[in-house]
Amino acid sequence: MNTLGLLCSGGDAPGMNMALWAAARSAEARGWRVLGVHGGYQGLLGGSVEPWPADRLRPFARLGGAVLGTSRVPDFTRQVGAAAAQARSAGITHALVLGGDGSLRGAGLLNRAGLPTVGLPATIDNDVPGSAATVGFDSAVNFALPLADALLDTAEALPRLCALETLGGNTGHLAQAVGDACGADVVLVPEAPLAAPELAGRVSAALARRRHALIVASEGYPALEGVLDALAREVGLRLRLTRLGHAQRGGRPSARDRLLAGALAGEAADLLARGHAGVLAWRGAPTLLEFAAPAQQEA
Ligand SMILES: Nc1ncnc2c1ncn2[C@@H]1O[C@H](COP(=O)(O)OP(=O)(O)O)[C@@H](O)[C@H]1O
Ligand SMILES: O=P(O)(O)OC[C@H]1O[C@](O)(COP(=O)(O)O)[C@@H](O)[C@@H]1O
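A brief report on the enclosed structure follows. Source: prediction; values computed, not measured. (Residues numbered from 1 in each chain as written. Chains lettered and ligands numbered in written order. Predicted model: local features only at pLDDT ≥ 70, side-chain atom pairs only at ≥ 80, totals over all residues. Heavy atoms only, no water.)

**Here we look at the overall build of the protein chain**
Summing up its helical and strand segments, the protein chain has ten helices and eleven strands in all. The C-alpha atoms of the protein chain give a radius of gyration of 21 Å, which matches the 19 Å a tight globule of 299 residues would have. Along the first, second and third principal axes, the C-alpha atoms of the protein chain reach 70 × 40 × 35 Å. Counting across all 299 residues of the protein chain, residues that qualify as buried make up 52%. For the protein chain, the share of sequence-separated contacts (at least 6 apart) that also reach a separation of at least 24 residues comes to 72%. Element-wise, carbon and sulfur atoms account for 52% of the exposed surface of the protein chain, whose accessible area totals about 12600 Å². Taking the average location of the 26 positive side-chain charges in the protein chain and that of its 26 negative ones, the two points are 4 Å from each other. (Helix = DSSP H or I, 4+ residues; strand = E, 2+ residues; numbered from the N terminus. Rg over C-alpha atoms; globule rule 2.2 N^0.38 Å. Buried < 20%, exposed > 50% of the residue type's maximum accessible area, 1.4 Å probe, protein only. Contact = heavy atoms within 4.5 Å. Areas by Shrake-Rupley, 256 points an atom, 1.4 Å probe, with all protein chains shown as cover. Lys, Arg positive; Asp, Glu negative; His and termini not counted. Charge placed at Lys NZ, Arg CZ, Asp CG, Glu CD.)

**Here we look at the nonpolar core**
By size, the foremost hydrophobic cluster in this structure holds 60 residues, and its most contacted members are Leu 6, Leu 96, Leu 98, Leu 120 and Leu 214. The residues that make up this core include at least three from each of domain 1 (3-136 + 253-280) and domain 2 (138-249). Contact partners of Leu 98, with chain neighbours within four places excluded, come to Leu 7, Cys 8, Ser 9, Met 16, Ala 19, Leu 20, Leu 120 and Ala 122. One finds Leu 7, Ala 83, Ala 95 and Leu 280 within the second-largest nonpolar core, a separate group that totals 22 residues. (Core = buried A, V, L, I, M, F, W, Y, C linked by side-chain atoms within 4.5 Å. Domains from an automatic or database assignment.)

**Notes on the packing of aromatic side chains**
Under the counting rule described, the total for this entry stands at two aromatic pairs. Residue placement shows Arg 56 over the ring face of Trp 52; its charged tip is 3.6 Å from the ring centre. (Phe/Tyr/Trp six-rings, centres within 6.5 Å; stacked < 30°, edge-to-face > 60°. Lys NZ or Arg CZ within 6 Å of the ring centre and 35° of its normal.)

**Observations concerning the sheet that holds strand E8 (residues 213-218)**
On the basis of which strands lie adjacent, the open sheet formed by four strands has the order E7-E8-E6-E9 and parallel pairing. For this open sheet the edge positions go to strand E7 (186-188) and strand E9 (239-243), each flanked by a neighbour on one side alone. Strand after strand, the sheet turns through a mean of 20 degrees between neighbouring axes, direction not considered. In terms of strand pairing, strand E6 (residues 161-166) meets E8 through six bridges, oriented parallel. Within E8, the residue paired with Thr 166 across the bridge is Ser 218. Taken strand by strand, helix H6 (residues 137-157) contacts E6, E8 and E9, and its axis lies near 170 degrees from that of E6. Contacts from helix H7 (residues 173-182) reach E6, E7 and E8 within the one sheet, and its direction differs from that of E8 by about 160 degrees. (Pairing = 2+ DSSP bridges. Axes fitted to C-alpha atoms, helices over the stretch in contact; angles between N-to-C directions.)

Shown next as structure tokens:
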């Protein structure tokens with residue numbers, strides 16, 4: 001019997017649960033059985049697999065986090081063969097992996113190891129090549145936006161210089177979207193660090209115009225705290241950094257993420273049913289999971 005194994009990997013993202021439910025519904029509509037892997041690739045290697053039919057998943061669909069649990073397995077490349085064998089012995093004939101670029105590279109390897117696998121882009125970082133938006137990104141931007149607005153309220157009133165740090169790992173998509181949406185004076189992203197004089201110049205210009213300024217920065221910006229300390233000294237103002245931390249990854253999925261999750265999960269089930277695997281579930285042309293050069297895994 002065709003059996004879909006559902007698995008979440010890497011950082012959880014709002015909308016993952018909706019994608020799990022939608023994938024289970026689509027698979028069951030085709031007469032497939034659905035199993036859930038608990039705890040990502042780690043759980044798969046340990047055989048932590050049990051039935052997760054759509055009706056069991058439904059109450060979680062509107063919640064954040066990942067009901068199946070997730071994990072990071074640093075040396076997964078070396079354990080892919082064992083993981084595929086475990087999946088087969090648990091009765092999984094096809095797999096759907098939800099995660100970011102690293103997890104989906106792992107999914108590509110699982111597919112190569114003989115387990116037909118499709119990947120669904122789900123990470124708050126929005127850094128999966130081949131997908132214009134990942135499940136979770138919109139929710140994480142929407143989590144941060146009212147906080148950025150609130151910082152601007154108080155910055156305007158006192159007035160003062162404020163900075164907000166978003167998650168995003170070594171990418172700046174989240175920070176850029178939050179900064180653009182709230183009208184930040186400067187957005188600091190790891191992909192394009194600013195020279196100190198340019199940063200000071202832009203902040204000073206904003207302060208000269210209206211006596212307050214907001215900086216939005218990605219957590220991956222090189223030496224962020226030192227850069228901000230030096231900036232505060234340069235412009236002669238106290239600067240407080242507000243860190244969103246892991247809270248930005250939780251909370252209920254936005255409408256946009258729920259709809260994206262549902263659409264991509266349906267696409268994934270459809271791809272597998274039509275015999276396609278080793279691809280990313282996206283609504284454009286199929287993208288191979290082995291996108292870009294294989295990234296080196298941490299040892
Ligand atoms: N290049 C890779 N090849 C195989 N598996 C990988 C690779 N990169 C990451 N993984 C697996 O995916 C997990 C999650 O990756 P990570 O990059 O931390 O998160 P995300 O998938 O959300 O970007 C890793 O702990 C590892 O098990
Ligand atoms: O939970 P951890 O290990 O602290 O990881 C934090 C990282 O996870 C994320 O929230 C999501 O990253 P991934 O989706 O790539 O796993 C990043 O924004 C952040 O840097």
